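Architecture and fold: a report
Listed below are the residues making up each chain.
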Amino acid sequence: MRQIIRECRELLKQPLPDAFLGRKTHEPFPSAPDTTPNEER
């Protein structure tokens, strides 16, 4: 029983797995401040 508890405690010490939520992997596309979708046509 003590071995199981020891192993569980070691697992709980590990960092949480990375689920990509909230991680910013790239910069968003820049938007042109003067154009709207209707003006581009």
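In what follows, the structure referred to is the one given above.
Residues numbered from 1 in each chain as written. Predicted model: local features only at pLDDT ≥ 70, side-chain atom pairs only at ≥ 80, totals over all residues. Heavy atoms only, no water.

1. A look at the overall build of the protein
Secondary structure assignment for the protein yields 1 helix and 0 strands. Counting every position in the protein, which comprises 41 residues, the buried fraction comes to 0%. (Helix = DSSP H or I, 4+ residues; strand = E, 2+ residues; numbered from the N terminus. Buried < 20%, exposed > 50% of the residue type's maximum accessible area, 1.4 Å probe, protein only.)

2. Side note on the pattern of salt bridges
If you walk through the whole model with that rule in mind, you get 1 salt bridge. In this structure, the salt-bridge partner of lysine 13 is glutamate 10, at a minimum N-O distance of 3.6 Å. Of this pair, lysine 13 and glutamate 10 are both found in helix H1 (residues 2-13), 3 residues apart, which corresponds to roughly one turn of the helix. (Salt bridge = Lys/Arg side-chain N within 4 Å of Asp/Glu carboxyl O.)

3. Some words on H1
Over its 12 residues, H1 runs 17 Å from end to end, which matches the ideal 16 Å to within 8%, given 1.5 Å per residue. Counting buried residues along H1, only 0 of its 12 residues qualify, which leaves the element largely exposed. (Expected span 1.5 Å × (residues − 1).)

4. A few points about a nonpolar patch on the surface
On the surface, Met1, Ile4 and Ile5 cluster together into a nonpolar patch covering about 360 Å² of accessible area. Tracing the backbone through its elements, the reader meets methionine 1 in the segment before H1. (Patch = residues over 30% accessible without salt bridge, like charges linked within 9 Å, V, L, I, M, F, W, Y side chains within 5 Å. Areas by Shrake-Rupley, 256 points an atom, 1.4 Å probe, with all protein chains shown as cover.)

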